[in-house]
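Commentary on secondary and tertiary structure
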Amino acid sequence: MAEQTFIAFLRAVNVGGRTVAMARLRELFAELGLAGVRTYIQTGNVFFRADAAVDRAALTRRIEAHLATALGFQVPTMLRTVDEVAALVEADPFHGIEVTDDVRLCVVFLSEPLPADFALPHLTPKGDLEVIAATPGEAFVVAHRIGGRPTGNAADAFGRAYRGQGTARFFHTTVKILAAARKG
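So, a few notes on the structure that sits alongside this text. (Residues numbered from 1 in each chain as written. Predicted model: local features only at pLDDT ≥ 70, side-chain atom pairs only at ≥ 80, totals over all residues. Heavy atoms only, no water.)

1. Concerning the sheet that holds strand β6 (residues 122-123)
- The antiparallel open sheet is built from five strands, whose spatial order is β6-β7-β8-β5-β9. In this open sheet, the two edge strands, each paired with only one partner strand, are β6 and β9 (166-170).
- One ladder, built from two bridges, connects β6 with strand β7 (residues 129-134); its direction is antiparallel. Within β7, the position partnered with His 122 by the bridge is Val 131.
- Sheet strands touched by helix α4 (residues 171-182): β5 (103-110) and β9. Its angle to β9, the strand with the most contacts, is close to 90°. (Pairing = 2+ DSSP bridges. Helix = DSSP H or I, 4+ residues; strand = E, 2+ residues; numbered from the N terminus. Contact = heavy atoms within 4.5 Å. Axes fitted to C-alpha atoms, helices over the stretch in contact; angles between N-to-C directions.)

Next up, the structure:
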């Protein structure tokens, strides 16, 4: 059986009062029989090894169900392989956009593709989030601070038309997550 390293990007972990110690998160993933479980920073990034031919949708459902039962709340989970995240980083989706005090670059990992009629680029009504591009698994969002106020959650930039889930990471954090996952 060929193994592959996966990264589980979890939404709603250690925000809004939903505190989960990383040691507990590692235990929960290990209880599912996943190998080499590690975590990176407190925002819900879990690395593990599994059969490369695993049914990813079924594994995602198992992880989400186990976390919901153990933690008492839903934890939407987006699974990616290290190679998939490496391809995203290497594609440099934000090429030419400068990070400033008022501009942040975010990758939103999606549970399903954006609707086919979702026009890009897309600016939210408040003008603070701009979806500049998307793949079937990710959306690339430029967050603009307006008047010094923080932006909305980049994972909510798609409006009601999007029925899936998403979890956002700053692009520079995604690069660090990839480097940590490769160390495994």
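Now, onward.
2. Describing the packing of helix α3 (residues 82-91) against α4
- In the contact formed by α3 and α4, the axes pass within 10 Å of each other and the chain directions differ by 140°. Our classification of the angle between α3 and α4 gives oblique. In this structure, α3 crosses over α4, and the sense of that crossing is left-handed. Residues Val 82, Val 85, Ala 86, Leu 88, Val 89 and Glu 90 of α3 form the contact with α4, whose own contacting residues are Phe 171, Thr 174, Val 175, Leu 178, Ala 181 and Arg 182.
- By residue class, the composition of the contact of α3 with α4 is nine nonpolar, one polar and two charged. (Parallel < 35°, antiparallel > 145°, perpendicular 65-115°, else oblique. Left-handed = near helix turned anticlockwise from the far one by under 90°. Nonpolar A, V, L, I, M, F, W, Y, C, P; charged D, E, K, R; others polar.)

3. Remarks on the pairing of β5
- Among the eight residues of β5, seven are classified as buried, and the element is accordingly described as predominantly covered.
- Here seven bridges tie β5 to strand β8 (residues 138-144), and the two strands are oriented antiparallel to one another. Considered in β8, the bridge of Cys 106 is made with Val 141. (Buried < 20%, exposed > 50% of the residue type's maximum accessible area, 1.4 Å probe, protein only.)

4. Digging into α3
- Among the residues of α3, Val 82, Val 85, Ala 86, Leu 88 and Val 89 are the ones counted as buried. Buried positions in α3, seen along its axis, are confined to an arc of 160° and lie on one side of it. Exposed and facing more than 90 degrees away from the buried side of α3 are Asp 83, Glu 90 and Ala 91.
- After α3 finishes, the residue Asp 92 shows a positive phi value of roughly 50°. (Arc of directions from axis to C-beta.)

5. Focus: the packing of helix α1 (residues 22-31) against helix α2 (residues 56-71)
- Viewed as axis vectors pointing N to C, α1 and α2 meet at an angle of 130°, and their least axial separation amounts to 10 Å. Judged on the interaxial angle alone, α2 and α1 are oblique. Here the hand of the crossing between α1 and α2 comes out right-handed. Mapping the contact onto sequence places Arg 24, Leu 25, Leu 28, Phe 29 and Glu 31 in α1 and Ile 63, His 66, Leu 67, Ala 70 and Leu 71 in α2.
- In the contact of α1 with α2, the residues fall into seven nonpolar, one polar and two charged.

6. Observations regarding the pattern of salt bridges
- Enumeration over the complete set of coordinates arrives at eight salt bridges.
- Arg 11 is the salt-bridge partner of Asp 156, the closest N and O atoms lying 3.2 Å from each other. One end of the pair, Asp 156, is in the loop between β8 and β9; the other, Arg 11, is in the loop between β1 (3-10) and α1, with 145 residues separating them in the sequence.
- Between Arg 80 and Glu 138 there is a salt bridge, and its shortest N-O distance comes to 2.7 Å. Placement of the pair is Arg 80 in strand β4 (residues 77-81) and Glu 138 in strand β8, with a sequence separation of 58 residues. With respect to class, Arg 80 is no different from Glu 138; both count as buried.
- Sharing partners across several salt bridges, the network here consists of Arg 24, Glu 27 and Glu 31. (Salt bridge = Lys/Arg side-chain N within 4 Å of Asp/Glu carboxyl O.)

7. Remarks on the sheet that holds β1
- Strand order in the open sheet formed by four strands is β2-β3-β1-β4, with antiparallel pairing between adjacent strands. The open sheet is flanked by β2 (35-40) and β4, the only strands paired with a single partner. Adjacent strand axes in the sheet meet at a mean angle of 25°, parallel and antiparallel pairs treated alike.
- The pairing of β1 with strand β3 (residues 45-51) spans seven bridges and is antiparallel. Looking at β3, one finds that Phe 9 is bridged to Asn 45.
- Against the sheet, α3 engages β1 and β4, with an angle of about 85° to β4.

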